[in-house]
Amino acid sequence: VQLQASGGGLVQAGGSLRLSCAASGSIFRVNTMGWYRQAPGNQRELVATITNNGGTNYADSVKGRFTISRDNAKNTVHLQMNNLKPEDTAVYSCNLKVLLSRSEYWGQGTKVTVSS
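If you're wondering where the values come from, they're calculated on a predicted model, not measured in any experiment. (Residues numbered from 1 in each chain as written. Predicted model: local features only at pLDDT ≥ 70, side-chain atom pairs only at ≥ 80, totals over all residues. Heavy atoms only, no water.)

A. Summary view of the overall build of the chain. The helix and strand tally for the chain stands at zero helices and 11 strands. Overall, the chain shows an N-to-C arrangement of helices and strands of β-β-β-β-β-β-β-β-β-β-β. By principal-axis analysis of the C-alpha atoms, the chain measures approximately 40 × 25 × 20 Å. A buried classification covers 41% of the 116 residues belonging to the chain. Counting only contacts in the chain whose residues sit at least 6 apart along the sequence, the fraction spanning at least 24 positions is 51%. For the chain, the exposed area adds up to about 6300 Å²; of that, 47% sits on carbon and sulfur atoms. Across the chain, the 12 positively charged side chains and the 6 negatively charged ones have centroids separated by 6 Å. (Helix = DSSP H or I, 4+ residues; strand = E, 2+ residues; numbered from the N terminus. Buried < 20%, exposed > 50% of the residue type's maximum accessible area, 1.4 Å probe, protein only. Contact = heavy atoms within 4.5 Å. Areas by Shrake-Rupley, 256 points an atom, 1.4 Å probe, with all protein chains shown as cover. Lys, Arg positive; Asp, Glu negative; His and termini not counted. Charge placed at Lys NZ, Arg CZ, Asp CG, Glu CD.)

Here's what the structure looks like:
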């Protein structure tokens with residue numbers, strides 16, 4: 001399984017960005033896809049996840065500003081980020097988990113920089 005992320009960049013505070021991640025390979029349909037981020041000097045943290053049934057989970061810091069969605073037919077997950085803040089600056093990584101097989105896959109990170 002490979003994950004290809006895209007959509008990072010530089011944006012001013014209050015702006016928006018949309019991250020996308022496409023999964024390819026042999027993917028078990030029951031899975032959870034999500035986004036994690038790591039800022040310099042910090043540990044990686046969960047941003048948002050979404051199950052194949054559409055169940056979502058968000059970090060408190062992004063609730064009301066970020067929206068995660070997925071297209072099961074295309075094995076893609078998106079993260080719409082609105083009202084971005086400087087503290088959202090980080091490398092964002094796409095993740096796919098298959099609980100049944102205890103498998104986990106990571107995409108390459110995409111950098112998001114929010115200027116004040």
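Alright, that's what it looks like, and here's the rest.
B. Structural view of the sheet that holds strand 3 (residues 17–24). Pairing is antiparallel across the open sheet formed by four strands, whose spatial order is 1-3-8-7. The sheet is open, and its two borders are formed by strand 1 (2–6) and strand 7 (66–71), each paired with just one other strand. Direction aside, neighbouring strands of the sheet carry axes that sit 15 degrees apart on average. Sheet topology places strand 1 next to strand 3; five bridges connect them, and they run antiparallel. (Pairing = 2+ DSSP bridges. Axes fitted to C-alpha atoms, helices over the stretch in contact; angles between N-to-C directions.)

C. Inspection of the pairing of strand 4 (residues 32–38) at higher detail. The buried fraction of strand 4 is high, at five of seven residues. Pairing of strand 4 with strand 5 (residues 45–51) involves six bridges; the strand directions are antiparallel. Each bridged residue has a counterpart across the sheet, and for Arg37 the counterpart in strand 5 is Glu45. Adjacent in sequence and paired antiparallel, strand 4 and strand 5 are bridged by six residues, among which Gly41 carries a positive phi angle near 80 degrees. In this structure, strand 4 lies alongside strand 9 (residues 90–98), joined through seven bridges in antiparallel fashion. Within strand 9, the position partnered with Thr32 by the bridge is Lys97.

D. Geometry of the pattern of salt bridges. Enumeration over the complete set of coordinates arrives at five salt bridges. Of the charged contacts, one joins Glu45 and Arg37 as a salt bridge, the two residues approaching to 2.7 Å between their closest N and O atoms. The exposure class of Arg37 is buried, given its relative accessible area of 5%. In this structure, a network of salt bridges that share partners links the residues Arg37, Glu45, Arg65 and Asp88. (Salt bridge = Lys/Arg side-chain N within 4 Å of Asp/Glu carboxyl O.)

E. The arrangement of the nonpolar core in detail. Residues Trp35, Leu79, Met81 and Tyr92 are the most contacted members of the largest nonpolar core, which totals 30 residues. Considering each element in turn, this core owes the most residues, five residues, to strand 9. Ignoring any residue separated from it by four or fewer positions in sequence, one finds Leu79 in contact with Leu17, Arg18, Leu19, Trp35, Val47, Ala48, Phe66, Thr67, Ile68 and Tyr92. (Core = buried A, V, L, I, M, F, W, Y, C linked by side-chain atoms within 4.5 Å.)

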